[in-house]
Amino acid sequence: GMGNYFGKQRQKLLVSHTIAPLQKIETLDEECVAEYEGMLRSGVPCTAWAISRGFLDDHDSYNGNPWLKTGLMSFLLDGNHKMCAAARA
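Report on the accompanying structure. All of these numbers come straight from a predicted model, not from anything done at the bench.

1. Side note on the overall build of the chain
A tally of regular secondary structure across the chain gives two helices and three strands. Counting only carbon and sulfur atoms, one obtains 57% of the accessible surface of the chain, whose full area is about 6,800 Å².

See below:
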């Protein structure tokens, strides 16, 4: 068996990743977004820069709940056009 985690019964892991753009979508250059969208659709990877904070909620907020809630909150610093293109591709 896999054993116990943290001395408890084995728990399930729920992961969420939220990406918050710091540039309003109305201010994006549509030509730039379309160019990145074409690159992504053709298989060219694009990168973006973000600052992130991870968290793990292991405080038994719901007694008996087998799920550990963990996540990552990222604030997009550079790559807003690429992220918009990725959402469309």
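So, next bit.
2. Some thoughts on the packing of helix α1 (residues 30–41) against helix α2 (residues 80–88)
Between α1 and α2, whose axes approach to 8 Å, the crossing angle comes to 55 degrees. Relative to α2, the element α1 is oriented oblique. Relative to α2, the crossing made by α1 is right-handed. Counting all contacts with α1, which are made through Glu30, Cys32, Val33, Tyr36, Glu37, Leu40 and Arg41, the residues of α2 involved are His81, Lys82, Cys84, Ala85, Ala86 and Arg88. Grouping the amino acids of the contact of α1 with α2 by side-chain chemistry returns seven nonpolar, one polar and five charged.

3. A look at the pattern of salt bridges
Going through the model one piece at a time under the given rule, you end up with two salt bridges. Linking arginine 88 and glutamate 30 is a salt bridge whose minimum nitrogen-to-oxygen distance equals 2.5 Å. Residue arginine 88 is located in helix α2, and its partner glutamate 30 is located in helix α1; the two are separated by 58 residues in the primary sequence. By relative accessible area, glutamate 30 is classed as partly exposed at 45%. Of the charged contacts, one joins glutamate 37 and arginine 41 as a salt bridge, the two residues approaching to 3.0 Å between their closest N and O atoms.

Each value, and the rule that gives it
- Residues numbered from 1 in each chain as written.
- Predicted model: local features only at pLDDT ≥ 70, side-chain atom pairs only at ≥ 80, totals over all residues.
- Heavy atoms only, no water.
- Helix = DSSP H or I, 4+ residues; strand = E, 2+ residues; numbered from the N terminus.
- Areas by Shrake-Rupley, 256 points an atom, 1.4 Å probe, with all protein chains shown as cover.
- Axes fitted to C-alpha atoms, helices over the stretch in contact; angles between N-to-C directions.
- Parallel < 35°, antiparallel > 145°, perpendicular 65-115°, else oblique.
- Left-handed = near helix turned anticlockwise from the far one by under 90°.
- Contact = heavy atoms within 4.5 Å.
- Nonpolar A, V, L, I, M, F, W, Y, C, P; charged D, E, K, R; others polar.
- Salt bridge = Lys/Arg side-chain N within 4 Å of Asp/Glu carboxyl O.
- Buried < 20%, exposed > 50% of the residue type's maximum accessible area, 1.4 Å probe, protein only.

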